[in-house]
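Notes for the structure review
Here are the chains, one letter per residue:
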Amino acid sequence: MLPIRDHNPSERVPYVTLTLIALNVLVFGFDMVALQTEQALSRFYYDYAMIPARVSAGENYPSLITSIFLHAGFMHLAGNMLFLWIFGDNLEDKMGHLPFLAFYLFCGIGASLAQFATEPLSVVPMVGASGAIAGVMGGYLLLFPKARVDIFIFFVVFFRIFPIPAWIMLGLWFGLQLFNGVNSSMIGGGVAYWAHAGGFVIGFIVAVPLWLRLGGTRFWDRTDGHPDHPEATYGRSSVPVVKR
């Protein structure tokens, strides 16, 4: 089940969302061109990925931010950027450009700390934007639960695209992160499910004041995801790491 777009146009160009996508792509391109050996890649991750054991030792706190812009492979990058593109523009539209950037970074740091809390002595580097993007998804769930999200379903030779409410898609996604977090281990690399879950919860909570200012549940009646609703005016490695 892969979301490919939402039916929830925003009112202005999402400059911050586009810039974040561009930065992530540029950093990944640098990785591919400049880091040609396993030794170089390991050193780069040591300096810029979030390594829980180093943070526990009081080292490299900036990695809580720098790790958000690193990715372990093309599909890791592509999946994260797809989710950011789908859900980021609407939150940026309602928050404003700079507040959205602060929200994104705050959720990313919080997500890193959520994963850190589960394995504070791990020496496996953690990279990826999905903790921050999970925060965006949590905020989106609160503000736009009725928005329609097109889902791509593929099973062997069968595939179909159909819309479902955002609260179903995001609720299922969050539940899956909790389930996988309980039943997984990060030894030797893997997926940072607790970063996903933690970022999602942080984003949901931080978005509450904005949701209340917009009218709370009354705001939901004006943003049902229909193309004609009054809000709609803008069209639309070999080194083991923990991916988020």
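Residues numbered from 1 in each chain as written. Predicted model: local features only at pLDDT ≥ 70, side-chain atom pairs only at ≥ 80, totals over all residues. Heavy atoms only, no water.

With respect to the pairing of strand β3 (residues 148-155)
With four bridges connecting them, strand β1 (residues 2-6) and β3 associate as antiparallel partners. The partner of Leu 2 across the bridge, within β3, is Phe 152. (Pairing = 2+ DSSP bridges. Helix = DSSP H or I, 4+ residues; strand = E, 2+ residues; numbered from the N terminus.)

Describing the packing of helix α7 (residues 130-143) against helix α9 (residues 193-206)
Their axes nearest at 6 Å, the elements α7 and α9 cross at an angle of 40°. The angle between the axes of α7 and α9 places the two elements in the oblique class. As for how α7 packs across α9, the hand of that crossing is right-handed. Contact with α7, carried on its side by Ser 130, Gly 131, Ala 134, Gly 135, Met 137, Gly 138, Gly 139, Leu 141 and Leu 142, involves Ala 195, His 196, Gly 199, Phe 200, Gly 203 and Phe 204 of α9 and no other residues of that element. (Axes fitted to C-alpha atoms, helices over the stretch in contact; angles between N-to-C directions. Parallel < 35°, antiparallel > 145°, perpendicular 65-115°, else oblique. Left-handed = near helix turned anticlockwise from the far one by under 90°. Contact = heavy atoms within 4.5 Å.)

Re the pattern of salt bridges
In total, this model carries seven salt bridges according to the counting rule given. Where Arg 12 meets Asp 93, a salt bridge forms, and the shortest distance between an N and an O atom there is 3.3 Å. In this pair, Arg 12 is assigned in the loop between β1 and α1 (15-34) and Asp 93 in helix α5 (residues 74-95), connecting sequence segments 81 residues apart. Of the residues examined, Arg 12 reaches a relative accessible area of 34% and is grouped as partly exposed. Note that Asp 93 and Lys 94 form a salt bridge whose closest N and O atoms lie 3.9 Å from each other. The buried category is assigned to Asp 93, whose relative accessible area is 7%. Each of Glu 11, Arg 12, Asp 93 and Lys 94 takes part in one network of salt bridges that share partners. (Salt bridge = Lys/Arg side-chain N within 4 Å of Asp/Glu carboxyl O. Buried < 20%, exposed > 50% of the residue type's maximum accessible area, 1.4 Å probe, protein only.)

Re the environment of Val 123
Along the chain, Val 123 turns up in the loop between α6 (97-118) and β2 (126-127). As for Val 123 and Ala 53, which are separated by 70 residues in sequence, their C-alpha atoms are 5.5 Å apart. Excluding residues within four positions of it along the chain, Val 123 makes contact with Ile 51 and Ala 53.

So, a nonpolar patch on the surface
Nonpolar side chains collect at one region of the surface, where Val 201, Phe 204 and Ile 205 lie side by side and expose about 240 Å² of accessible area between them. Residue placement: Val 201 occurs in helix α9. (Patch = residues over 30% accessible without salt bridge, like charges linked within 9 Å, V, L, I, M, F, W, Y side chains within 5 Å. Areas by Shrake-Rupley, 256 points an atom, 1.4 Å probe, with all protein chains shown as cover.)

Re the nonpolar core
Counting residues in hydrophobic clusters, the biggest one holds 42 residues, and the most contacted among them are Phe 87, Leu 91, Tyr 104, Leu 143 and Leu 170. Elements supplying a minimum of two residues to this core: α1, α5, α6, α7, β3, α8 (166-182) and α10 (208-213). Here this core takes nine residues from α7, the largest share from any one element. Setting aside residues up to four positions removed in sequence, Leu 91 forms contacts with Gly 96, Phe 100, Phe 103, Val 136, Gly 139, Tyr 140, Leu 143 and Phe 144. (Core = buried A, V, L, I, M, F, W, Y, C linked by side-chain atoms within 4.5 Å.)

A few points about the environment of Asp 93
A C-alpha to C-alpha distance of 6.3 Å links Asp 93 and Arg 12, two positions 81 residues apart in sequence. If near-sequence neighbours (up to four positions away) are discounted, Asp 93 is found in contact with Ser 10, Glu 11 and Arg 12. A distance of 3.1 Å separates a polar side-chain atom of Asp 93 from the backbone nitrogen of Glu 11. (Polar contact = N/O pair within 3.5 Å; in protein donor to acceptor, adjacent residues only side chain to side chain.)

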